[in-house]
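Letter by letter, the chains look like this.
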Amino acid sequence: MNYRTNPKNGDKISQLGYGCMRFPSSATAGVSDIAEVKRLIKTAFDGGVNYFDTAFVYGDSEKVLGEVLEDLGIRDKILLSTKMPQFSCKSGADFETYFKKQLAALRVDYVDYLFIHNVSEKKRWDELKSWGILDWIQEKLDKGQAKNVGFSCHGSTSEFKAILDDHDWDFIMLQYNYLDENWQVGREGLKYAADKGVPVFIMEPVRGGLLADKLPPKAKTAFDNLPTKRSYASNAIRWVLDQPEVTMVLSGMSAFEQVTDNLTTASEINAGGLTDNERSAYVAAAAAIREFMDVYCTACGYCLPCPKGVSIPDCFYYYNLSFIDDMASVKRNFAGFVGNGNISACVGCKACERHCPQSISIAEKIAAARTRFGL
Ligand code: SF4
Ligand code: SF4
């Protein structure tokens, strides 16, 4: 494992962080498989990962992570981060209500890195300030309940800069990968934060799995032609870790093979470590992906739950896939894994759209997918 230094506080952080958003499921829907989670976390920890990240809105993730860390006895040997769901807060009192629940679920007195989750518009940040969030943050720091406080952002570069400049943040996190280099906060925002000496953590390096095995054939060929064979996910993570402005990249690992593959990746690459051939392969792969994508969905799930039960990201996954894969097989898989009745349940109410960080016209695109699938 290679480590990077937090430029603000000197923490030695494994350049690969464990994202706990997608723990493996048990036989019961919505419940994580604790024994398997324990195996994955232990493997990652033994391989040098020392940063583990969760959030209030990741299902049972905080509860399961708390139990596993206690079981393994490694809480004090790692950096623990979680995210306070500001988007669910209706007043300043809610900050503490959520945070108390989070500490209890995690079975800890403090977290090392506390995010204000998904602050993507300056207007919303101003509202949070009017509710006293700056005093609340200072109180958490003074009491030692949070060692560092930052924010995650899916907004535009300009919104991001405005929020970043408005407070002395300890760290920030943004979505970044070779397909999204100039999307949302993007490279410009990454450099802006790094120039200010703010540690930058990265989420979505594999873009919800799209940059792993879901790549279209032309994009796969770009990587298959490289002299060193690696998994597509490994190539995606290498692109992020090549960049010196990045302090740590989070990967949401839900399978043992992902953990071991990521450990290998993070022990091989360093900033500036890509070859020219590799750099060309990313450009070719990104162009090949853009050729087929109709909906720029990252599968973040913020639009869920839909009041009608529509599995929005799954619908978009198969819809996008239908442009590069055999239609009959896509339709068969869609019917089997998602269900034709699922997409047909959409009533076009648009309740989901205000939650989408990618500003997708979800109702319109769901209708397009229905037409394409003949449903
Ligand atoms: S527009 Fe469709 S997908 Fe979105 S919330 Fe309404 S019913 Fe659900
Ligand atoms: S439609 Fe938007 S909010 Fe929903 S999963 Fe896709 S990117 Fe996320």
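Right above here is the structure, for reference.
Here is a short report on the structure shown in this document. (Residues numbered from 1 in each chain as written. Chains lettered and ligands numbered in written order. Predicted model: local features only at pLDDT ≥ 70, side-chain atom pairs only at ≥ 80, totals over all residues. Heavy atoms only, no water.)

1. A word on the sheet that holds strand S7 (residues 146-153)
Inference 1: With parallel pairing, the 8 strands of this closed barrel are ordered in space as S3-S4-S5-S6-S7-S8-S9-S10. On average, each strand axis in the sheet is tilted by 30° relative to the strand beside it, whichever way the strands run.
Inference 2: Where strand S8 (residues 172-175) meets strand S9 (residues 200-203), 4 bridges bridge the pair, whose relative direction is parallel. Counterpart to Leu-174 in the pairing with S9 is Ile-202.
Inference 3: Relative to the sheet, helix H10 (residues 256-268) contacts strand S3 (16-19) and strand S10 (248-252), its axis offset from that of S3 by approximately 160°. (Pairing = 2+ DSSP bridges. Helix = DSSP H or I, 4+ residues; strand = E, 2+ residues; numbered from the N terminus. Axes fitted to C-alpha atoms, helices over the stretch in contact; angles between N-to-C directions. Contact = heavy atoms within 4.5 Å.)

2. Observations concerning the pattern of salt bridges
Inference 1: Within the structure shown, the criterion is met by 26 salt bridges.
Inference 2: Residue Arg-39 pairs with Glu-36 through a salt bridge whose shortest N-O separation is 3.1 Å. Placement of the pair is Arg-39 and Glu-36 together in helix H1 (residues 34-46), with a separation of 3 residues, close to one helical turn.
Inference 3: Overall, the relative accessible area of 40% leaves Arg-39 in the partly exposed class.
Inference 4: The partner of Asp-53 in a salt bridge is Lys-83, with the nearest N and O atoms 2.6 Å apart. In this pair, Asp-53 sits in strand S4 (residues 51-53) while Lys-83 sits in strand S5 (residues 79-84), placing the two residues 30 residues apart along the sequence. As far as the burial class goes, Asp-53 and Lys-83 line up, both buried.
Inference 5: When salt bridges with common partners are traced through the structure, they connect Glu-96, Glu-139, Lys-140 and Lys-143 into a single cluster. (Salt bridge = Lys/Arg side-chain N within 4 Å of Asp/Glu carboxyl O. Buried < 20%, exposed > 50% of the residue type's maximum accessible area, 1.4 Å probe, protein only.)

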